[in-house]
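Geometric and topological summary
If you want the building blocks of each chain, they are given just below.
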Amino acid sequence: MDKLEEIKETGEDISIEKLLRDREKIDEQLKDKFSHDVTVMFTDIKGSTNYFETYGDIEGRLMVQKHNEILFPLVEKHRGRVIKTIGDAIMAAFEEPVEAVRSAIDMQEALFEYNRKKKEKKDQIQIRIGVNTGEGLVEKKDIFGDVVNVAARVESLTEPNEIMISSPVYEEVRKTDDIICRYASQTKVKGKVDAIEVFRVVWGEEESVKGLTRSQSAVAKTGRKKKKLHKRLEIDISREGDTIRITAAEKSERGESTIQPYEEMRVSMTETDRQCREITSLLSQANTSGKVSKEILSRLRDAGKALFDDLLTARAKETLRSCTVDDLVFHIEDNLVQVPWELLYDGEHFLCQKFNMGRVVKTKHGIVNIKHREMSRPLKMLIVSDPKGDLENSFKEGQAIGEILEGNPFFISANQKSGQITAEYIMEKVKNFDLIHYAGHADYDPDDPSNTGWLLEGGILSSTDIMKLAGGRPMPSLVFCNACRSGQTGEWKIGSGYNQEIFSLANAFLLTGVQHYVGTFWEILDEPGAHFAAEFYRAVLDGASIGEAMRRARMFLIKEFGEDTIVWASYMLYGDPGFSYL
């Protein structure tokens, strides 16, 4: 009797439709009971096989036991559980990706301290950690599914002392205040059509953990193709009394001449200070929309031309007029920061309109032994906007910048903070970020520049506070201070010592290791100031150097609001204008 006749004879109702319905119910039950979002971590000890072969099973087992005693509690500390051990490897599960990554950081830091006390290298324990998150079948003693396979693959890409995470984990942790990630690589995973993105978690001083990261190495390799040599014009100005010494020379990446000729000229610093006050006075005549009359704009050009003629030698002026470079760097002593070099006028252009311009200040201040930040994408950025909750336009500025950057989170990952932001918070978190943007109040104290600073909830973050951050982990590479004061009516009132006061804040950041500081000569209006910042970051994302981004933003304001809205002239850059963050 064949199967069909058997079914007819017994009367059994075994239709395909019924079996499929039963299968669907079972699948739903399996999914409801066992399928959950879970974060899986794999760890592996470097060189354990060789260790067992060299020192024997007992010594090897003791090493694994010590490893477990150190790491198991750190899994539990972050609400995780050890699923199982596989030889010298740990498989652990966490409810939240952030907790898994913090557990991984604690593991590497704990082993770093353990190894530091071990003189013999054989007694040290170094591990690799890989983390992935997604949906899996979670049983009491095991986890199955793609989430496990990808976690294992991520761990296999990891070097000793490293933590690697998948792209879904990165998306969950990039908005935190304390977890820094760098792009590592793209890799194929068995069973997946598309390659996965892998990120390295920075858990210690970046340069001490790994000399040259793989992401930086990849950049170095791709950057080896021939490119046009980048030239710049550098003007070095020093002052002693009423004597100024000037060197003006074009330089390229190939280096510079061994001998640099300089010129000396006598100037009247009394007259120079008067001219600087004249520019301040002209700018103070802007109305509440930030506009000046055509007459005032013409007088501003005249004042800028007077400074151009009085402070530069004939050779330097001719070099500025005839050179074809994009970048201009003024190397100035700290007794010349009061001069608005950006507003020197060569007869056709203000210098900041013609060049990608930056200032490098030579100072007698003692400089601490600072470490510069290792930079690779994605850069981690903190946007502090409306820190006291009383500046709606500053809040909107932060939102707008965040939206611009959110389109490219693999290049810059921005974290906006607003309302009830204290100086203590900034002091604690600032070194966790590569870039800082501040949109809020700033206070300038002409009697005591050390009290100049950002007005935050409950107090001020002063220049003195910033100087306390010197040493230890590197400071952010870029700080952009888009500061303003609310309730402005009538004329702009700009103090004659405004530049020195701004410099006191910039000076504090630069002396602690910040590479670029963007600040303003005077108070800025909300709308054009927000537009300047937005265009600046668009240009940075486009690959522009920081100096080019500054000039693009200036020219955007001039095109959008007119040259008579002099907010374009408000901004200055301390640092190398030729540096590109992307």
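What comes next is a walk through the structure. (Residues numbered from 1 in each chain as written. Predicted model: local features only at pLDDT ≥ 70, side-chain atom pairs only at ≥ 80, totals over all residues. Heavy atoms only, no water.)

**A word on the packing of helix α4 (residues 57-77) against helix α5 (residues 97-116)**
For the record, the criterion: Helix axes are fitted only over the stretch in contact, all axes being lines through C-alpha atoms; the angle between N-to-C directions runs from 0 to 180 degrees. A run of H or I in DSSP counts as a helix once it spans at least four residues, and a run of E counts as a strand once it spans at least two, with each numbered from the N terminus. Throughout, a crossing is termed right-handed when the near helix is turned clockwise from the far one, and left-handed when it is turned anticlockwise from it by less than a right angle. Here, two residues are considered to be in contact whenever any of their heavy atoms come within 4.5 Å of each other.
Running from N to C, α4 and α5 cross one another at 150°; their axes reach a closest spacing of 9 Å. For the pair α4 and α5, the crossing hand works out as right-handed. Contacts between α4 and α5 involve K66, I70, L71, L74, V75 and K77 from the former and S103, D106, M107, A110, L111 and Y114 from the latter.

**Concerning unusual backbone geometry**
Glycine aside, a negative phi is what most residues show, and trans is what most peptide bonds show. Looking along the chain, the bond that leaves R377 and enters P378 is cis, with omega of -5°. Secondary-structure assignment places P378 in the loop between β13 (356-362) and β14 (379-385). Even without a glycine there, the phi angle at N161 is positive, about 75°. Summarising the element assignment, N161 is placed in the loop between α6 (146-156) and β6 (163-166).

**Looking at the pattern of salt bridges**
For side chains bearing opposite charge, pairing can occur when the charged atoms are close. Counted only if it meets this: A side-chain nitrogen of Lys or Arg and a carboxyl oxygen of Asp or Glu constitute a salt bridge if their distance falls within 4 Å. Throughout this description, buried means an accessible area under 20% of the type-specific maximum (1.4 Å probe, protein chains only), exposed means over 50%, and partly exposed covers the range between.
Taken as a whole and assessed by the stated rule, the structure comprises 33 salt bridges. Where R174 meets E406, a salt bridge forms, and the shortest distance between an N and an O atom there is 2.2 Å. Of this pair, R174 sits in the loop between α7 (167-173) and β7 (180-187) while E406 sits in helix α14 (residues 392-406), and the two are 232 residues apart along the sequence. Judged by its relative accessible area of 5%, R174 falls in the buried class. The partner of E342 in a salt bridge is R359, and the shortest N-O contact between them spans 2.8 Å. Here E342, found in the loop between β12 (327-333) and α13 (351-354), pairs with R359, found in strand β13; they are 17 residues apart in sequence, far enough to count as distant. Accessibility expressed as a relative area gives 1% for E342, which makes it buried.

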